[in-house]
Amino acid sequence: MNLLSTPRINISTWIALAGCLIFVSSSRGSNVPGPDGIEFFEKRVRPVLVEHCYSCHSSSAKKIKGKLRLDSRQASLLGGVSGPAIVPGHPAESLLIKAVRYDKDLRMPPKGKLTATQIADLETWIKMGAPDPRDAKLATEQPKAYIDIAEGKKFWAFQSVKSPSPPRVKDTVWPIHDVDRFILAKLEAKGLKPVRLADRRSLLRRATYDLTGLPPTPEEIAAFLKDETPEAFAKVVDRLLASPAYGERWGRHWLDVVRYADTAGDNSDYPIPQMYRYRNWVIAAFNLDMPYDQFIHAQIAGDLMPARSDRERADHIIATGYLANSRRHGSYEDARYPWHLTIEDTIDNLGKTFLGLTMGCARCHDHKFDPLGAEDYYALYGFFSSTRYPWPGIELDRAQHDLIPLGGSGDLEKAMISRQAKLAEFDKAIKKLEADKSPKEKIQAAKKDREKFAKQPLPFELAYAVVDGKNEPKKRIGQVGDARVQLKGEPEYPGKLVPRRFPLVLGGQTLAKDAKGSGRLQLANWLTDAANPLTARVMVNRIWQYHFGQGIVATPNNFGKQGRLPTHPELLDHLAAQFVANGWSIKNMHRLIMLSRVYQLSCDDDDANLKSDANSEFLWRFPRRRLDAESIRDTLLMVSGNLDPKPGGPHPFPNPSAWDFTQHKPFKAVYATNRRSVYLMTQRIQRHPFLALFDGPDTNSSTDSRTTSTTPLQALFLMNDPFVHEQARKFAARLLAEQPDESKRIDRAFQLTFGRPPTDSEAKQTRDYLTQVVDKIRTSGLAADQHRLRAWESLARVLFMSNEFVYVN
């Protein structure tokens, strides 16, 4: 039986290959950093050392215990009285690892063992050779600036966006519009020829998954095949862009990049019940085709933007959830919390997301490869240290605070003043009762009334968002002003005061002398300035990447010298210039790309082309791709008739009064839902089981592109998991209810799962398979009226496991 045969490989071959590929996929997990490992150290190792080790083992400690310092690479290698703390490449021989594992007499930190994840991160870091940007300079030494801005601007990414004329091509018939001319010119120069166009069924399935993350329905397929007008595909694109599912699909792409999560990421991973508002705002923004420059403004400085209504003001505030969602660390209360680590996460993500730059590499010293100095880094730092972030709750300070009101009767300050006045009245009454020596019962009753009033929520919906700081004396975050360089990246060693400004290589714009507040609104203006060479390039590259599987720049978060050079630099500039000229419209960019000839190519192989461009880097064919985790899950729900299309709301987190999460008992939960996967609750310290298995995003850092692994566990999941079995039962019941004729039912099953009818051979094989299954079921003792349902349920699982179900041509 060859039911599972596809143009690629069948499921049995896939499962066999999985065993061979498991080593490759496990060694290339999504959390493995680049060759130098610096980012891994900054994200996973440094926060643990700062939180748990520096108080006793750094130059800032009152007394350095065991003569061991862990605040520089040289000191860690030198070690203390017991010997070197780390042996690069050998975690088992490293005293640091023995100590955190609590081996024998070595037990560090002494107040409590690190989490399994933290220990694993330290082991991974040492296996990588313990990469560490902290040099051995004395903490009192200022970093010496040596960045040559003029030389740096010669690199392609820092040059102004041009609007190049489309190149001349030999084959003047093939291009539909200018995008094709840029592609064809490169193909002709390389001696490559584009393959034929995709058939209409494949094109519709490709476009529908690209824009909505869902398969086309049989009815949509029939309508497209029937429409023979030249505008047929353009009408499909417009229909898909108008679907609410579009925002859910492309909103998820954005959430990958900004490392969205519904929890804080501290040692206890406290829930953030309000975070869903930002997720839903992103989805709505894509559906509304919010101009990308406004999209940036709202996320960086929405609280500072003018609003035409209370609703718009609330939306602007919610948008700053982008900044508020920066990761939290450790377990300390607000007074001792390491805010610099959260700000560093903000800057790191902002640099990658909007500029395609690894700004985090300039934290401890000038960037080793790109024209970005440490002073550039701390110039940006000042914008965010001048901003008040919300408090999510943490092990030693559990209650949320500094959330932002979205509306209600009056503003928050008035409500707080009113509340304080009422509480003062209660206090005055209680003191009078005590002075009058009233009965204890009466005094206790008055105190209970006060407590009850104090616990009443304010008449506002609250957002997990940011606002400008107010220089409150007891706050360690939100002190408006410029920041000092932190020598070696450590706040204990302040250096030169750096005015808030944009990186010098991008213009170096500074705040006006009379500027008030954080300056984030000006920062948003600089990010979207027409003179900025990066913002438009970075975004059109991401759009191209999500359509073709790889960007014109194959490193979407790194346009610097360590990133990949663009394969089609003139096309990248053409798209960027068009993007800005068309009002920063993302939907217009989709139309421009998808209505090109190159987007509509088939996935066919070509022997001659394969010899010189095996990976189709220059796009002589369209790349065949596996569905991402969300699309696999959503498709299972959709074909079974089990998908709930309504937007997701808040998650059913425990009541905050019951929050008692700790480092060794962190918050962990998986909430079942039949809504689309973008609405699944997403944690930082543990990934959702389905998303983790099928290569979902890393919620601890920006995911600019997802890996595609092939493992036996994926096949076993599709065979045995209760979720898949439930969808198979629903799918079987749906088919039996919709179509009484078996032949038509088989056709319907293939149309729903593969977007095409079965071949005659497949139809016969399917009928034979169903007969064989029913014959086996008869001897199982199952009731006769269940035989047919079970047989179709078995067939459903076979279809779900095929490559054709999870791959798009």
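Because the structure is predicted, anything quoted here is derived from the model rather than measured.

## Quick look at unusual backbone geometry
Glycine aside, the phi torsion of most residues is negative, and most peptide linkages are trans.
Then comes step 1: Geometrically, the link from Met108 to Pro109 is a cis peptide bond, its omega value of -5° lying close to zero.
Then comes step 2: By the secondary structure assignment, Pro109 is in the loop between helix H4 (95-100) and helix H5 (116-127).
Then comes step 3: Located in the positive-phi region is Arg259, a residue other than glycine, with phi close to 50°.
Then comes step 4: For Arg259, the position within the fold is in the loop between helix H11 (244-257) and helix H12 (276-287).
Then comes step 5: A relative accessible area of 2% means that Arg259 is categorised as buried.
Then comes step 6: Unlike most non-glycine residues, Asp289 shows phi in positive territory, near 55°.
Then comes step 7: Among the secondary structure elements, Asp289 is positioned in the loop between H12 and helix H13 (292-301).

## Points about the nonpolar core
Then comes step 1: In this structure, Trp254, Tyr278, Tyr292, Ile300, Leu523 and Trp544 are the most contacted members of the largest nonpolar core, which totals 131 residues.
Then comes step 2: Ranked by residues supplied to this core, first place goes to helix H21 (residues 535-548) with 8 residues.
Then comes step 3: Ignoring anything within four residues of it in the chain, the contact list for Tyr278 reads Trp254, Leu255, Val258, Tyr260, Gln299, Ile318, Ala319, Gly321 and Tyr322.
Then comes step 4: If you look at the next biggest cluster of nonpolar residues, it comprises 45 residues, including Tyr209, Leu627, Ile777 and Val808.

## As for the packing of aromatic side chains
Then comes step 1: As enumerated under the stated definition, the model contains 44 aromatic pairs in all.
Then comes step 2: Centre to centre, the rings of Phe155 and Phe158 are 6.2 Å apart; their planes meet at 50°, and the pair counts as tilted. Judged on exposure class, the residue Phe155 and its partner Phe158 are both buried.
Then comes step 3: Consider the rings of Phe579 and Trp584, whose centres lie 5.5 Å apart with planes at 65°: the pair is edge-to-face.

## What to know about the pattern of salt bridges
Then comes step 1: Under the definition given, this model contains 55 salt bridges.
Then comes step 2: A salt bridge links Arg336 to Glu333; its shortest N-O distance comes to 3.0 Å.
Then comes step 3: The exposure class assigned to Glu333 is partly exposed, which follows from its relative accessible area of 23%.
Then comes step 4: Between Glu793 and Arg790 there is a salt bridge, with the nearest N and O atoms lying 3.9 Å from each other.

## Some points on H12
Then comes step 1: Given a rise of 1.5 Å per residue, 12 residues ought to cover 16 Å, and the 17 Å separating the end C-alpha atoms of H12 matches this to within 8%.
Then comes step 2: Most of H12 sits out of view: 9 of its 12 residues are buried.
Then comes step 3: For H12, every residue scored as buried is listed here: Tyr276, Arg277, Tyr278, Arg279, Trp281, Val282, Ile283, Ala285 and Phe286.
Then comes step 4: Its buried side turned inward, H12 meets H11, H13, helix H14 (310-319), helix H15 (321-324), strand S3 (462-463) and helix H23 (586-594).

Rules used in this analysis
Residues numbered from 1 in each chain as written. Predicted model: local features only at pLDDT ≥ 70, side-chain atom pairs only at ≥ 80, totals over all residues. Heavy atoms only, no water. Helix = DSSP H or I, 4+ residues; strand = E, 2+ residues; numbered from the N terminus. Buried < 20%, exposed > 50% of the residue type's maximum accessible area, 1.4 Å probe, protein only. Core = buried A, V, L, I, M, F, W, Y, C linked by side-chain atoms within 4.5 Å. Contact = heavy atoms within 4.5 Å. Phe/Tyr/Trp six-rings, centres within 6.5 Å; stacked < 30°, edge-to-face > 60°. Salt bridge = Lys/Arg side-chain N within 4 Å of Asp/Glu carboxyl O. Expected span 1.5 Å × (residues − 1).

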